[in-house]
Protein chains: 2
Amino acid sequence: MRLVIVGGVAAGTKAASRARRLDPEMEITVYQEEPEPSISECGLPYFLSGIVEERERLVARTPEKFAQNDIEVLVRHRVESINVHSKKLIVHDLDAGKTFEDTYDRLVVATGARAVLPPIPGANLEGVFELRFLTDADRIMTYVRERAPRRATIVGGGYIGLEVAENLCSLGMECSLIEGEDRVALAYGPEVSERVEEELRAHSVNIFTGEKVDEFTGEGRVRGVKFGGKELETDLVIVGVGIEPNVELASESGVEIGTTGAILVDKHMKTTAPDVWAAGDCVETMDLTSGEPAWVPLGDTANQMGRVAGTNAATGEDTLEFPGTLGTGIFKVFDLGVGKTGLSEQAAAEAGFETLSASLSTYDRAAYYPGAEKVFLKLIVDRATGRLLGAEAAGSSSDKLIDVCATALWGRLSYPDLVNIDLAYSPPYGPTLSPVIQAATILSGKFDRAREGVRATE
Amino acid sequence: MRLVIVGGVAAGTKAASRARRLDPEMEITVYQEEPEPSISECGLPYFLSGIVEERERLVARTPEKFAQNDIEVLVRHRVESINVHSKKLIVHDLDAGKTFEDTYDRLVVATGARAVLPPIPGANLEGVFELRFLTDADRIMTYVRERAPRRATIVGGGYIGLEVAENLCSLGMECSLIEGEDRVALAYGPEVSERVEEELRAHSVNIFTGEKVDEFTGEGRVRGVKFGGKELETDLVIVGVGIEPNVELASESGVEIGTTGAILVDKHMKTTAPDVWAAGDCVETMDLTSGEPAWVPLGDTANQMGRVAGTNAATGEDTLEFPGTLGTGIFKVFDLGVGKTGLSEQAAAEAGFETLSASLSTYDRAAYYPGAEKVFLKLIVDRATGRLLGAEAAGSSSDKLIDVCATALWGRLSYPDLVNIDLAYSPPYGPTLSPVIQAATILSGKFDRAREGVRATE
């Protein structure tokens with residue numbers, strides 16, 4: 001039995017390891033186009049600044065390590081096509097410059113996602129980068145070492161752009177951030193965007209929102225960014241306007257693509273082709289809150305999907321299920337932690353919910369305990385049923401509050417459940433009642449008043 | 001309509017404020033024996049050491065503040081008896097030295113709990129203290145100021161004893177801790193106790209487990225502690241061997257006491273007497289995991305109960321319910337955070353469960369991210385159903401992991417739910433897969449092997 005896995009970042013390597021554990025006899029080969037497998041892509045911004053000092057720390061396992069486990073990982077190998085009928089692959093060995101045919105009994109597609117590169121004139125100038133792979137980080141760091149840029153421009157105010165801004169600032173560069181929409185961190189409500197923009201300004205990042213880049217200028221090397229009728233001098237540009245799933249290989253082989261543009265899979269991570277599973281940033285999953293198809297390319301989710309795909313590919317049965325995602329995420333920008341789970345008010349409205357929300361800004365521990373800092377929390381619930389739909393947090397202990405809310409969403413809890421929930425309290429770790437309980441209690445009052453309002457007009 | 005509340009720490013004052021909010025017309029009086037209401041008892045250890053510098057920070061609201069809200073708070077007033085038939089109280093004004101009669105329409109009993117003082121000879125010597133009220137802290141601090149003790153002995157290795165040990169050490173005292181059982185932190189499994197004892201030793205605390213104190217020695221002032229045939233020199237003793245509910249007032253008035261020794265209430269916090277509610281450290285509630293009666297005296301739970309009792313006392317109806325507790329708790333000892341929720345393995349066994357557990361020690365963030373520290377986590381599940389029964393954590397981010405597990409318990413989740421749960425990941429905030437997910441995945445393997453074992457022997 002031969003298992004081939006296309007792509008070896010998070011989902012692919014997880015699937016390989018899982019399959020090996022379940023089936024010691026199976027032949028397992030992973031093809032990976034980049035020169036290293038098993039990269040922590042989420043760590044790349046911190047590598048730029050030197051917060052993460054050693055490059056090898058970002059490579060969880062080398063091909064040699066996989067080989068010890070009898071998993072063949074072939075890097076710098078690009079799979080060019082898949083024939084799902086004859087179960088054959090055409091593979092290009094980039095270093096040897098030759099192409100060969102391989103066969104599989106079972107296949108896992110884990111081709112990931114790539115940075116979207118908007119067609120901006122000058123995007124091919126030296127000094128204009130994206131940051132998706134370790135090789136991108138290597139190129140940026142070589143450029144920084146050789147050209148010592150003093151002014152950096154980040155295009156895109158999503159979490160990658162924000163993390164990059166922090167890390168370039170910590171290298172002493174003067175940073176500007178350009179975002180096409182009217183605020184950064186668009187996956188969040190405006191209260192969170194405001195806090196993120198405050199944090200950026202507090203660290204001297206110049207923010208330009210509602211601006212589209214017209215052109216990168218310079219001769220050979222980038223020297224400026226033109227937008228909104230002005231030109232900003234710059235020595236380095238990092239474009240982080242989004243990513244898109246790598247689905248062409250699967251699509252061209254006849255595997256069905258979902259409505260989000262990512263590969264369609266069932267709960268067992270099976271594609272529409274026989275004996276082909278898919279996992280990670282290239283697949284579509286379900287948003288458990290809205291019940292709608294969703295594409296949520298994140299490292300932790302990719303690992304979980306990889307485990308399911310690897311298990312089922314090893315057994316050949318529908319052994320495990322991946323239920324879907326909540327779209328939980330967190331990022332750090334300077335000293336501010338910003339997290340979310342479930343639907344934003346906007347996403348909830350788009351999914352057809354009428355919502356009620358409660359926001360508060362309170363302390364992360366007993367107000368009298370040293371180091372107490374503020375945290376913002378917003379809970380969003382379904383007005384019809386009271387069920388929690390989403391949460392957003394910004395500030396100290398955001399990661400904890402979001403994980404609590406994610407667990408509540410996972411358990412389909414409603415606001416009254418959260419009013420009396422028994423969370424851990426001690427002065428160094430929280431206020432007497434968790435911000436989650438406080439926000440749920442505010443919601444309780446809002447629902448009471450809404451009901452009284454109804455009664456009064458009856 | 002006159003509402004009287006007996007006891008004004010957490011549950012009592014919360015009930016008063018809540019009733020006032022719901023009913024602007026109600027007459028509300030709170031009787032409180034101690035000189036201040038609305039004290040943060042959980043903050044007292046940190047006040048001893050000066051970590052919390054200002055005494056007034058521990059008093060959330062003064063009687064004057066309550067008066068602004070038209071709530072009469074009478075401190076240094078002890079309610080001596082309640083007649084639940086005639087709805088009359090006998091109250092002793094400690095400062096005036098006189099006794100008077102009061103009446104109520106509705107009553108909330110929030111008499112709290114008191115330190116257990118074991119009958120040890122010499123316990124009345126100067127320098128032997130308990131730490132329960134702000135007045136206790138005042139007495140200890142006066143003693144410390146006047147007598148400059150160099151050696152302190154803490155009797156009792158529960159969370160109060162452990163917090164006190166940390167805070168006295170930080171004052172430069174040489175600290176010894178004596179625990180009657182064979183390990184500290186008995187509410188936890190032995191792995192956590194070991195870690196706590198390591199942390200104590202790392203901060204030069206002398207630990208004596210399995211030792212009962214025979215006598216405190218000294219003339220007038222404490223000079224030594226005798227146990228196990230030896231005598232330890234000491235200048236200060238703090239006894240923290242446990243607390244017990246203050247139920248005599250309720251019990252003598254004919255209010256029924258539950259099997260745990262605390263006041264019996266229904267889900268609406270109603271006692272067995274008409275128009276009498278009770279809340280806080282004096283009442284019995286339900287352990288939601290075992291379904292058994294439980295007495296869990298904690299500040300956050302007291303607040304939640306107080307809200308329910310105050311609401312129902314204000315409306316006179318069964319407006320709100322308090323569902324019960326998970327026994328979630330957390331404490332800090334030096335640099336170690338230690339938390340739990342649900343049942344320990346021992347408590348689960350006592351409740352009739354056969355359990356399976358998974359433990360791990362892993363990093364609190366991406367291993368390559370600076371500052372990564374270890375955290376221990378144990379999940380305990382029902383072997384029959386896979387349902388989560390409890391969790392324990394020790395180390396960095398314990399508070400987050402325990403809150404996630406508490407929410408999972410609240411939602412009655414099982415280990416397979418936790419394998420794929422969508423928690424927040426970013427390198428500064430966690431490893432790619434949360435320790436909760438990792439532990440659930442280990443459990444998944446254990447269940448698989450248990451099933452295969454069954455199959456193999458069939």
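Keep in mind it's a predicted model, so treat the numbers as computed, not measured.

Asker: Explain the pairing of strand β24 (residues 374-382) of chain A here, please?
Answerer: A regular strand places its side chains on the two faces of the sheet in alternate fashion. All names here are of chain A. When you tally the buried positions in β24, you get eight out of nine residues, the bulk of the element. Inspection of the sheet shows strand β23 (residues 355-363) paired to β24 by nine bridges, in the antiparallel sense. Counterpart to Thr-355 in the pairing with β24 is Asp-382. Relative to strand β25 (residues 388-395), β24 runs antiparallel, the two being bridged by seven bridges. Pairing of Leu-377 across the sheet is with Ala-393, part of β25.

Asker: When you look at the packing of helix α10 (residues 398-410) of chain A against helix α10 (residues 398-410) of chain B in this model, what are you seeing that I'm missing?
Answerer: Pairs of packed helices are described in terms of their axes, by the angle between the two and the distance that separates them. Between α10 of chain A and α10 of chain B, the least distance of the axes is 8 Å, while the angle of their chain directions is 15 degrees. The angle between the axes of α10 of chain A and α10 of chain B places the two elements in the roughly parallel class. At the point where α10 of chain A passes α10 of chain B, the crossing takes the right-handed sense. Along its contact with α10 of chain A, which presents Asp-399, Lys-400, Asp-403, Val-404, Thr-407 and Ala-408 of chain A, the element α10 of chain B presents Asp-399, Lys-400, Asp-403, Val-404, Thr-407 and Ala-408 of chain B.

Asker: What exactly am I supposed to notice about α10 of chain B here?
Answerer: Given 3.6 residues per helical turn, the α-helix brings residues three or four places apart onto the same face. Residues and elements named next belong to chain B. Here α10 is 13 residues long and its end C-alpha atoms lie 18 Å apart, about the 18 Å a rise of 1.5 Å per residue gives. Of all 13 residues in α10, 13 are buried, a share of seventy percent or more. Count one or two residues on from α10 and you reach Arg-412, which has phi positive near 55 degrees.

Asker: Where do I start with the packing of aromatic side chains in this structure?
Answerer: Ring pairs (aromatic) are described by centroid distance and by the angle formed between their planes. Per the counting criterion, the structure on display carries 12 aromatic pairs over all chains. Each ring, one from Tyr-369 of chain A and one from Tyr-46 of chain B, has its centre 5.1 Å from the other, and the planes form 85 degrees; the classification is edge-to-face. In this pair, Tyr-369 of chain A sits in the loop between β23 and β24 while Tyr-46 of chain B sits in helix α2 (residues 44-48), so the two residues belong to two different chains. Take Tyr-369 of chain A: its relative accessible area is 9%, and that puts it in the buried class. Owing to a relative accessible area of 0%, Tyr-46 of chain B belongs among the buried residues under this scheme. Ring centres of Tyr-415 of chain A and Phe-447 of chain A lie 4.3 Å apart, and the angle between their planes is 15 degrees; this geometry places the pair in the stacked category.

Asker: Would you explain the confidence of the model for chain A in this entry?
Answerer: Where the model shows low pLDDT, its predicted coordinates should not be examined in detail. Per-residue confidence for chain A gives a mean pLDDT of 96, with 99% of residues at or over 70. Here the prediction assigns the complex a pTM of 0.96, and the interface score ipTM is 0.96.

Asker: I would appreciate a short explanation of the environment of Asn-167 of chain B in the present structure.
Answerer: All names here are of chain B. Here Asn-167 lies in helix α5 (residues 159-169). In this structure Asn-167 comes out as buried when scored by relative accessible area, which is 0%. Put simply, Asn-167 and Ile-437 are 270 residues apart on the chain and 35 Å apart in space, counted from C-alpha to C-alpha. In contact with Asn-167, not counting residues within four places along its chain, are Pro-45, Tyr-46, Ser-49 and Ile-51. Here Pro-45 takes part through its backbone oxygen, which lies 3.4 Å from a polar atom of the side chain of Asn-167. In terms of polar contacts, Asn-167 uses its side chain to reach the backbone carbonyl oxygen of Glu-163, at 2.8 Å.

Asker: Help me understand the relation of the copies chain A and chain B in this model?
Answerer: Comparison of the two chain copies shows a relationship of rotation about an axis with a shift along it. Of the transformation placing chain A onto chain B, the axial shift is 0.0 Å and the rotation is 180 degrees, giving an RMSD of 0.0 Å. Taken together, the rotation and translation describe the operation of a two-fold axis. Most of the interface of chain A is mirrored in chain B, where 100% of its interface residues are also at the interface.

Asker: Looking at this structure, how should I read the pattern of salt bridges?
Answerer: Pairing is possible between side chains that carry opposite charge, provided their charged atoms lie close to one another. If you walk through the whole model with that rule in mind, you get 56 salt bridges over all chains. Here Asp-281 of chain A makes a salt bridge to Arg-132 of chain A, at a shortest N to O gap of 2.9 Å. With a gap of 149 residues between them, Asp-281 of chain A in the loop between β18 (276-278) and β19 (285-286) and Arg-132 of chain A in the loop between β9 (128-129) and α4 (134-147) connect regions that are remote in the sequence. On the basis of relative accessible area, Arg-132 of chain A is assigned to the buried category, the value being 9%. The closest approach of N and O atoms between Lys-332 of chain B and Glu-166 of chain B, which form a salt bridge, is 2.6 Å. Placement of Lys-332 of chain B in strand β21 (residues 329-333) and of Glu-166 of chain B in helix α5 is noted, with a sequence separation of 166 residues between them.

Asker: Can you help me understand unusual backbone geometry in this one?
Answerer: Generally, phi is negative for residues other than glycine and the peptide bonds are trans, each holding for most cases. Residues and elements named next belong to chain A. Of note in this structure, Arg-76 is not a glycine but carries a positive phi near 55 degrees. The residue Arg-76 is located in the loop between β3 (72-75) and β4 (77-83) in this model. Despite not being glycine, Ser-204 has its phi angle at roughly 65 degrees, a positive value. Looking at the secondary structure, you find Ser-204 in the loop between α6 (190-202) and β12 (206-209).

Thresholds applied
- Residues numbered from 1 in each chain as written.
- Chains lettered and ligands numbered in written order.
- Predicted model: local features only at pLDDT ≥ 70, side-chain atom pairs only at ≥ 80, totals over all residues.
- Heavy atoms only, no water.
- Buried < 20%, exposed > 50% of the residue type's maximum accessible area, 1.4 Å probe, protein only.
- Helix = DSSP H or I, 4+ residues; strand = E, 2+ residues; numbered from the N terminus.
- Pairing = 2+ DSSP bridges.
- Axes fitted to C-alpha atoms, helices over the stretch in contact; angles between N-to-C directions.
- Parallel < 35°, antiparallel > 145°, perpendicular 65-115°, else oblique.
- Left-handed = near helix turned anticlockwise from the far one by under 90°.
- Contact = heavy atoms within 4.5 Å.
- Expected span 1.5 Å × (residues − 1).
- Phe/Tyr/Trp six-rings, centres within 6.5 Å; stacked < 30°, edge-to-face > 60°.
- pLDDT = per-residue confidence, 0-100.
- Polar contact = N/O pair within 3.5 Å; in protein donor to acceptor, adjacent residues only side chain to side chain.
- Least-squares fit on C-alpha atoms with pLDDT ≥ 70 in both.
- Salt bridge = Lys/Arg side-chain N within 4 Å of Asp/Glu carboxyl O.

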